[in-house]
Amino acid sequence: MSADKNNLFPVFFKLEELRVLIIGAGEIGYEKLNTVLNNSPAANITVAASFIKKEVRELAFQHKHVQLIQTSYYAELLDNSDLIIAAVNDVELAERIRKDAKQKGKLLNAADKPSLCDFYLGSVITKGDVKIAISTNGKSPTLARRLKEFFNEVLPEEIESLTNNLNTIRNNIQSGLKERIKKLNEITASLVEDNE
């Protein structure tokens, strides 16, 4: 692995088909819940915390796929999740969650603790169906935010129309190609039969 480049593998998850657990419902938990819902409004999310901030409750109330569990952390909370976000301001607790997640084969993001993370939540730009994620390998969230602002400004809103138009062209080319191949197969099959 090269130390001078970002070796992270970019992935886009279908969170409406996965189960997300956010541990912590204070300011960090609220920020992470907001981030996930802004990108995947139909995500299946459980938020578990001994204290649940009012804004977290309000946000959860607006999304039917968000469940709140008021409890202290225990390892079995991880059992019914695919992705875990430790949104806690407690290094020892984050390390414990990391250890439990590893034992259970779960992927973990630990807020503001890159060394404990299996994945990062990057800065994201969304324009219709076009989504761009930016990672600085956990080194500079400020730079990621600046790049997000830049791309938000330079990518026109019309990019959604362009995406739709290109998809239509792609589908037309594919369906036309399928028909041509089918006809060509019929013609060549008859030639093969004539030569036998």
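Every chain is numbered independently, its residues counted from 1 as its sequence is written. Note on the predicted model: pLDDT of at least 70 is required for a residue's local features to be given, and 80 or more for side-chain atom pairs to be given and counted; whole-chain, interface and lining totals, by contrast, use all residues. Here the side-chain values reflect all heavy atoms present in the structure, with hydrogen atoms and water set aside.

Enquirer: Would you explain the side chain of Ser 123 in this entry?
Expert: By definition, any uninterrupted DSSP run of H or I lasting at least four residues is a helix, any uninterrupted run of E lasting at least two residues is a strand, and each is numbered from the N terminus. Relative to the elements of secondary structure, Ser 123 occurs in strand 6 (residues 123–127). Taking relative accessible area as the criterion, Ser 123 reaches 14% and is therefore assigned buried. Whether two residues touch is decided by their heavy atoms; if any such pair falls within 4.5 Å, the residues are in contact. Contacts of Ser 123, omitting those with residues within four sequence positions, involve Ile 132, Ala 133, Ile 134, Ala 144, Arg 145 and Lys 148. Throughout, exposure labels follow a simple rule: accessible area from a 1.4 Å probe, protein chains only, divided by the maximum for the residue type, with under 20% read as buried, over 50% as exposed, and the rest as partly exposed.

Enquirer: Sorry if this is basic, but what is going on with a nonpolar patch on the surface here?
Expert: A contiguous nonpolar patch, built from Phe 9, Val 11, Phe 13 and Leu 107 and spanning about 410 Å² of accessible area, is present on the exposed surface. Here Leu 107 is to be found in strand 5 (residues 107–110). Assessed through its relative accessible area of 36%, Leu 107 is described here as partly exposed. Exposure above 30% relative accessible area and the absence of a salt bridge qualify a residue for a patch, where like charges join within 9 Å and nonpolar side chains (Val, Leu, Ile, Met, Phe, Trp, Tyr) within 5 Å. Per-residue accessibility takes into account occlusion by the displayed protein chains alone, with areas from the Shrake-Rupley method and a 1.4 Å probe. Whenever Lys or Arg places a side-chain nitrogen within 4 Å of a carboxyl oxygen from Asp or Glu, that contact is recorded as a salt bridge.

Enquirer: Would you mind going over the nonpolar core with me for this structure?
Expert: Generally speaking, a soluble globular protein has its nonpolar side chains buried in company with each other. Each nonpolar core is a collection of buried residues, namely Ala, Val, Leu, Ile, Met, Phe, Trp, Tyr and Cys, held together in the definition by side-chain atoms within 4.5 Å. With 20 residues, the main nonpolar core has Ile 22, Leu 33, Ile 45, Val 47 and Val 66 as its most contacted residues. Of all elements in the fold, only strand 1 (19–25), helix 1 (27–39), strand 2 (44–52), helix 2 (54–61) and strand 4 (83–86) reach the threshold of two or more residues within this core. With 4 residues, strand 2 is the largest single contributor of residues to this core. Discounting residues that sit within four places of it in the chain, Ile 22 has contacts with Gly 29, Lys 32, Leu 33, Ile 45, Thr 46, Val 47, Ala 48, Ile 85 and Ala 87. Listed in part, the 17 residues of the second largest apolar core include Tyr 73, Leu 78, Ala 86 and Val 88.

Enquirer: Is there a simple way to think about the sheet that holds strand 1 in this case?
Expert: Each strand in a sheet pairs with another by means of backbone hydrogen bonds, the pair being arranged parallel or else antiparallel. Paired strands, as defined in this entry, are two strands with at least two bridges between them according to DSSP. Across the sheet, 5 strands lie side by side as 3-2-1-4-5; this open sheet has parallel pairing. The outermost strands of the open sheet, each flanked by one partner alone, are strand 3 (66–70) and strand 5. Taking each pair of neighbouring strands and ignoring which way they run, the sheet shows an average axis angle of 20°. Relative to strand 4, strand 1 runs parallel, the two being bridged by 4 bridges. Directly across from Ile 22, in strand 4, lies its bridge partner Ile 85. To get an axis, a line is fitted to the C-alpha atoms, and for a helix only the part in contact is used. The angle between two axes follows their N-to-C directions and goes from 0 to 180 degrees. With respect to the sheet, helix 1 is in contact with strand 1, strand 2, strand 3 and strand 4, its orientation differing from that of strand 1 by roughly 155°. Helix 2 rests against strand 1, strand 2 and strand 3 of the sheet, and its axis sits at about 145° to strand 3.

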